[in-house]
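# Residue-level structure breakdown
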Amino acid sequence: MQQDKVKIELGGMSASMFFPLWGRAQLSKKYSSLFYDAKAIELVEKIDYDFSTSGIPFQDILSNISFEGGLPLLSLFSLRAKQFDEKVKAYIRERPRASVVNIGAGLDTTFYHVDNGTIHWYDLDLPAVIDVRRQLLPEPERVTYIAKSLLDPSWCKDINTDNGVFMVAGGVLSWLEEAEVKQFFSMLTDNFPDGEIVFNFRPRSGASIDAWMDQFPPEQRDAMMAAWMEAMNGWWEKAPQDQKDNLNDMIAALKISTKPKGKEWSDIKAWWEKLKDTEKAEAMAEFWTFFRGGVGLWVPEDASEFTKWDSRITVADQVPLFKNIPRDSLSAEVRRFMDYNDERGKASVIHLRV
Ligand SMILES: C[S@@+](CC[C@H](N)C(=O)[O-])C[C@H]1O[C@@H](n2cnc3c(N)ncnc32)[C@H](O)[C@@H]1O
């Protein structure tokens, strides 16, 4: 009911937290055999937020791209939550009274599906996000909210380290600069000897949008490009004027010399369709920087890179994103996408000991 909904005012990068939440709720409603998160469904229903017209165009577009059978690409990526669940459960099976820290927690609800009745859980995020979280999900017993940046070393002292420390960091480290990620890991090694952390990542070689298209098996690429254009079209119809102006400014600044004849979607579409493949790839790489708000991409090539940063870090595991995800209920097209990605290590979950 409309009057029960909670209006959320949150912009900028932190608004990115709505997308994995939306993805987990989508998965849970449509594909409960893959992943089920009742709290995520409850939260999405509670929030007065238009998930389809967010100020983060890249994710809005991703949420519009669907495979045959209607599985949105973004919700498929949200399956990282399933890998995180397995990792947390395995750790707390050995250390049932451990501390688990959810770094860049957003509105993640992992606690509710892994709780064993004795762990202590911490959800850490920036103060504006923790305010929203508190409003929607008051702290349950054995859960502590920490309103601090992950780069603020003082949060390490807020954690009970008596029974082991496990950390999860979903969709957060890639928003940081490399120097910040290094600083973060050295904080972990200094403060949590024997601590462990899992996080998702996409290798450097797969991080540009050009390489991003390459995550689709060759026979799916044309259809995906068409879906991408359709999603862009849908976005254009509802995007606020300032976002459309941004896109036009960005196209005007592209290194390639051919430019659209006007500033409407039809002009952009006609221009795009005439570009050579090499020009499209170049433009895509520049769009990627734009979509990330100009933030420099931090991307390791694989888990072993962390061990070179600090000899105290060791790799416990690197799991392909869709490993052991039951695929029976999915279309052949989605299964092929998952297998193709896993075989080539396009997206993974890394598990380190610090
Ligand atoms: C894409 S969301 C992911 C949220 C959550 N982990 C999930 O999977 O649903 C990224 C989150 O990282 C948080 N974040 C970004 N920079 C941060 C920082 N320096 N310290 C703490 N949290 C941060 C954002 O506020 C946001 O909630």
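All residue numbers refer to position in the chain's written sequence, counted from 1. Side-chain atom pairs in this predicted model are given and counted only at pLDDT of 80 or more, local residue features only at pLDDT of at least 70, and totals for whole chains, interfaces and linings cover all residues. The basis for the side-chain values is all heavy atoms of the structure; hydrogens and waters are excluded.

Bringing the packing of aromatic side chains into the picture now. The description of two aromatic rings rests on the distance between their centres and on the angle between their planes. Working definition: a ring pair exists when centres of Phe, Tyr or Trp rings (six-membered ring for Trp) sit within 6.5 Å. Plane angles under 30 degrees give stacked, over 60 give edge-to-face, the rest tilted. By the definition in use, this model includes 16 aromatic pairs. Grouped by ring-pair contacts, the aromatic residues F184, F185, F199, F306 and W309 constitute a single cluster.

This part covers empty space enclosed by the protein. In this analysis a 1.4 Å probe is tested at points of a 1 Å grid over the protein atoms alone, and where it fits but cannot get out there is a cavity; an open set with protein on both sides within 12 Å along at least five of seven lines is a pocket; lining residues have an atom within 4 Å of a point. Grid points are joined across faces, edges and corners, and a volume is the space filled by probe spheres set on the points. One pass over the structure, following the stated rule, counts 1 cavity of 30 Å³ or more. In terms of lining residues, the largest cavity is bounded by 12 residues, among which W228, M229, M232, W272 and F287 are the most central. Secondary structure elements are taken from DSSP: a helix is a run of H or I of four residues or more, a strand is a run of E of two residues or more, and numbering for both begins at the N terminus. Broken down by secondary-structure element, the contributors of at least two residues to the lining of the largest cavity are α10 (221-238), α11 (241-253), α12 (265-274) and α13 (277-291). Tallying contributions element by element places α12 first for the lining of the largest cavity, with 4 residues.

A few words now on the sheet that holds strand β8 (residues 314-320). Any two strands are treated as partners once DSSP identifies two or more bridges connecting them. Pairing within the open sheet is mixed, and its 7 strands lie in the order β5-β4-β3-β6-β7-β9-β8. Strands with a single pairing partner mark the edges of an open sheet, and in this sheet they are β5 (143-147) and β8. Going from strand to strand, the sheet's axes swing by 20° on average, the running direction of each strand aside. Relative to β5, strand β4 (residues 120-125) runs parallel, the two sharing 5 bridges. Each residue of the ladder has a partner; that of W121, found in β5, is V143. Here, axes are lines fitted to C-alpha atoms. For helices the fit covers the stretch in contact, and angles between N-to-C directions go from 0 to 180 degrees.

Time to look at the site of the ligand. Nearness of a residue to a molecule or strand requires only that one of the residue's heavy atoms be within 4 Å of it. If you check the shell around the ligand, you find 20 residues, and the closest are S14, R80, G104, D125 and G170. Here a polar contact means two N or O atoms within 3.5 Å. Within protein one must be a hydrogen donor candidate and the other an acceptor candidate, and residues neighboring in sequence count only if both atoms are side-chain atoms. Here R80 contributes a side-chain N or O atom positioned 2.8 Å from an oxygen atom of the ligand. In the model, a nitrogen atom of the ligand is placed 3.1 Å from a nitrogen or oxygen of the S149 side chain. Accessible areas in this description were obtained via Shrake-Rupley with a 1.4 Å probe; residue shielding takes into account the shown protein chains only. Protein burial of the ligand: of its 590 Å² of free accessible surface, 96% is covered by the chains.

Here we take up the domain arrangement of the chain. In this entry, domain limits derive from an automatic or database-based domain assignment. Looking at the assigned domains, one finds that the chain contains domain 1 (86-204 + 298-353) and domain 2 (209-296). A straight line from the C-alpha centre of domain 1 to that of domain 2 covers 32 Å.

This part takes up the environment of S348. As for its placement among the helices and strands, S348 is situated in strand β9 (residues 348-353). Put simply, S348 and N64 are 284 residues apart on the chain and 23 Å apart in space, counted from C-alpha to C-alpha. Beyond its immediate sequence surroundings of up to four residues, S348 is in contact with F199, N200, F201, Q318, V319, P320 and L321. Two residues qualify as a contact provided that any one of their heavy atoms is within 4.5 Å of a heavy atom in the partner residue.

A general tendency of soluble globular proteins is for nonpolar side chains to be buried together. Take the buried residues of types Ala, Val, Leu, Ile, Met, Phe, Trp, Tyr and Cys, join any two whose side-chain atoms come within 4.5 Å, and each joined set is a nonpolar core. Partly exposed describes any residue whose relative accessible area lies between the buried limit of under 20% and the exposed limit of over 50%, with all areas from a 1.4 Å probe on protein chains only and scaled to the type maximum. Formed by 87 residues in total, the largest nonpolar core has its most connected members in F18, L76, L79, L247, W272 and F287. Sort the elements by how many residues they give to this core and α10 lands first, with 9 residues. Not counting residues up to four positions away in its chain, the partners in contact with F287 are L247, M250, I251, L254 and W272. If you look at the next biggest cluster of nonpolar residues, it comprises 31 residues, including Y122, L150, M167 and A303.

What follows is about unusual backbone geometry. Notably, R142 is not glycine yet its phi reads approximately 70°, a positive angle. Mapped onto the fold, R142 is located in the loop between α7 (127-136) and β5.

A pair is scored as a salt bridge if a Lys or Arg side-chain nitrogen falls within 4 Å of a carboxyl oxygen belonging to Asp or Glu. Taken as a whole, this structure holds 17 salt bridges when the rule is applied. A salt bridge links K269 to E273; the shortest N-O distance between them is 3.2 Å. Residue K269 and its partner E273 are located together in helix α12, separated by 4 residues, close to a single helical turn. Relative accessible area serves as the criterion here: at 31%, K269 is assigned to the partly exposed category. Across the pair R327 and D339 runs a salt bridge, and its minimum N-O distance is 3.1 Å. Of this pair, R327 sits in the loop between β8 and α15 (332-343) while D339 sits in helix α15, and the two are 12 residues apart along the sequence.

Right, let's talk about the side chain of K280 for a bit. Among the secondary structure elements, K280 is positioned in helix α13. Those residues within four positions of K280 in sequence are excluded, and the remaining contacts are W272, E273 and L275.

Let us now look at the packing of helix α1 (residues 18-30) against helix α2 (residues 38-46). It is the contact of α1 with α2, at a shortest axis distance of 8 Å, that shows an interaxial angle of 115°. Read as a crossing pair, α1 and α2 show a hand that is left-handed. Side by side, α1 and α2 meet where L21, W22, R24, A25, S28 and K29 of the first sit next to A40, I41, L43, V44 and E45 of the second. Under the scheme applied, nonpolar residues are Ala, Val, Leu, Ile, Met, Phe, Trp, Tyr, Cys and Pro; charged residues are Asp, Glu, Lys and Arg; polar residues are all the others, including Gly. Taken together, the residues of the contact of α1 with α2 break down into 7 nonpolar, 1 polar and 3 charged. Working rule for handedness: look at the near helix, and if it is turned counterclockwise from the far one by less than a right angle, call the crossing left-handed; if clockwise, right-handed.

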